[in-house]
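# Tertiary structure, described
Here is what each chain is made of, one letter per residue.
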Amino acid sequence: MDLSDKKVLVTGASRGIGKSITGKLLDNGAAVIGTARNTSFPKAFIDHDSFRGIYVDLAQTGDLINKLKVLFQEEEAPNVLVNNAGIFEDADFDIEDNSWLDNWDRTQQINLRTPALLSKWALNRWSNTGDGLLINIASRAAYRGDTQEYASYAASKAGLVAFTKSVARDFGKKGIAAYSIAPGFIKTDMAMDSIEVYGEEYLTEGMAFDEITSPEEVAELVAFLVSGKVKHMTGATFHINGGSYMI
Ligand code: NAP
């Protein structure tokens, strides 16, 4: 796959799915701007001529404006945005309201508000260039819900899917496509807590396969979408969950 005409902004490129996506895109010739909050980028990325790393807290709007909005004002702006970074933090319904709302607001901020704002900046730029591709990493929780302590997470991801469909619907005539990806359990730090508590065997019960999906499989899918070969699937959600549900 030749992605040498793609310049991709990937949020959360330091670990997990975002790291795999970044590696795959670089391997296929794309230029990648990756973001992280704290974690250092892998040496292979830092040493790569086509990689640029930016440290930014996606919860801080001022930081976003200073470090990421400007990218879409540069002459060689990204023509692909992958909103990958996200948080998965629990809050039981029986905790006191302020703590519950803190979790709710923080989750919506990082998983929905910030991806929407980054998309807005990208879409405004792409509307002038007539070319652009948006990929939002949602979750199977958007479709099947989650346990009550992760209700904020499921709501944020369902919002992200609906947001993506609105973009696809309204920006197609400007040459822009938008997709959601809804992963099930993926073997990253985010899923590690559940893997450690419940064990891989329990988590794969009811799945078609008896192993948890690797982040590299999500990266393969992203690279294929970035290639632009299936532009007319705009608005679609791609489910990658080891067959835990099939729609
Ligand atoms: P992960 O291993 O926890 O990595 C999260 C990434 O997001 C890291 O690069 C992290 O940066 C960055 N990040 C988190 N909060 C940030 C903030 N406030 N500011 C800037 N960067 C921030 O997560 P993952 O498993 O790869 O998940 C990636 C995406 O897939 C998420 O949207 C997640 O909801 C979705 N997803 C994951 C699974 C799964 O089972 N893993 C399932 C469904 C959907 P630092 O390294 O600097 O902290």
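Relevant structure appears above.
Thresholds, definitions, all that
Residues numbered from 1 in each chain as written. Predicted model: local features only at pLDDT ≥ 70, side-chain atom pairs only at ≥ 80, totals over all residues. Heavy atoms only, no water. Helix = DSSP H or I, 4+ residues; strand = E, 2+ residues; numbered from the N terminus. Buried < 20%, exposed > 50% of the residue type's maximum accessible area, 1.4 Å probe, protein only. Contact = heavy atoms within 4.5 Å. Areas by Shrake-Rupley, 256 points an atom, 1.4 Å probe, with all protein chains shown as cover. Lys, Arg positive; Asp, Glu negative; His and termini not counted. Charge placed at Lys NZ, Arg CZ, Asp CG, Glu CD. Polar contact = N/O pair within 3.5 Å; in protein donor to acceptor, adjacent residues only side chain to side chain. Pairing = 2+ DSSP bridges. Axes fitted to C-alpha atoms, helices over the stretch in contact; angles between N-to-C directions. Near = heavy atom within 4 Å. Phe/Tyr/Trp six-rings, centres within 6.5 Å; stacked < 30°, edge-to-face > 60°.

### Points about the overall build of the chain
A tally of regular secondary structure across the chain gives 9 helices and 7 strands. Expressed as lengths along the three principal axes of its C-alpha atoms, the size of the chain is roughly 50 × 40 × 40 Å. Classification of the 247 residues of the chain by burial places 49% in the buried group. In the chain, the share of contacts with a sequence separation of at least 24, taken over all contacts with a separation of at least 6, comes to 69%. Accessible surface computed for the chain: about 12000 Å², of which carbon and sulfur atoms make up 48%. Counting 24 positive and 33 negative side-chain charges, the chain places the centres of these two groups 10 Å from one another.

### Section: the environment of S4
Within the element layout of this structure, S4 appears in the segment before β1 (7-10). The sequence separation of S4 and N66 amounts to 62 residues, and the corresponding C-alpha distance is 27 Å. When near neighbours in sequence (up to four residues on either side) are disregarded, S4 contacts N28, G29 and A30. A distance of 2.7 Å separates the side chain of S4 from the side chain of D2, its partner in a polar contact.

### Points about the sheet that holds strand β2 (residues 31-36)
An order of β3-β2-β1-β4-β5-β6-β7 is seen for the 7 strands of this open sheet, with the pairing classed as parallel. Each edge of the open sheet is held by one strand with a lone partner, namely β3 (51-55) and β7 (237-240). In this sheet, adjacent strand axes meet at a mean angle of 15° when their direction is disregarded. In this sheet, strand β4 (residues 80-83) lies alongside β1 in parallel orientation, the contact comprising 3 bridges. Looking across to β4, one finds that V10 is bridged to V82. Those strands touched by helix α1 (residues 16-27) are β1, β2, β3, β4 and β5 (132-137), and its axis lies near 170° from that of β1.

### As for the side chain of N241
Along the chain, N241 falls in the segment after β7. A distance of 2.9 Å separates a polar side-chain atom of N241 from the backbone nitrogen of G243. Engagement of the side chain of N241 in a polar contact is seen with the backbone nitrogen of S244, the distance being 2.8 Å. Sequence-distant contacts of N241, defined by excluding residues within four places in its chain, comprise G184, M207 and T213.

### Some remarks on the site of the ligand
Around the ligand, a shell composed of 31 residues is seen, among which N38, T39, N84, Y153 and T188 lie nearest. Separating an oxygen atom of the ligand from a side-chain N or O atom of Y153 is a distance of 2.6 Å. Contacts to the ligand include K157, whose side-chain N or O atom sits 2.8 Å from an oxygen atom. Calculation on the ligand without its partners gives an accessible area of 910 Å², and the protein chains cover 96% of this total. Here the shell around the ligand takes 3 residues from helix α7 (residues 189-198), the largest share from any one element.

### Section: the packing of aromatic side chains
For any pair of aromatic rings, geometry is given as the distance between the ring centres together with the angle between the planes. All chains considered together, the criterion is met by 9 aromatic pairs. Members of the aromatic cluster, connected to one another through ring pairs, are F41, F45, F51 and Y55.

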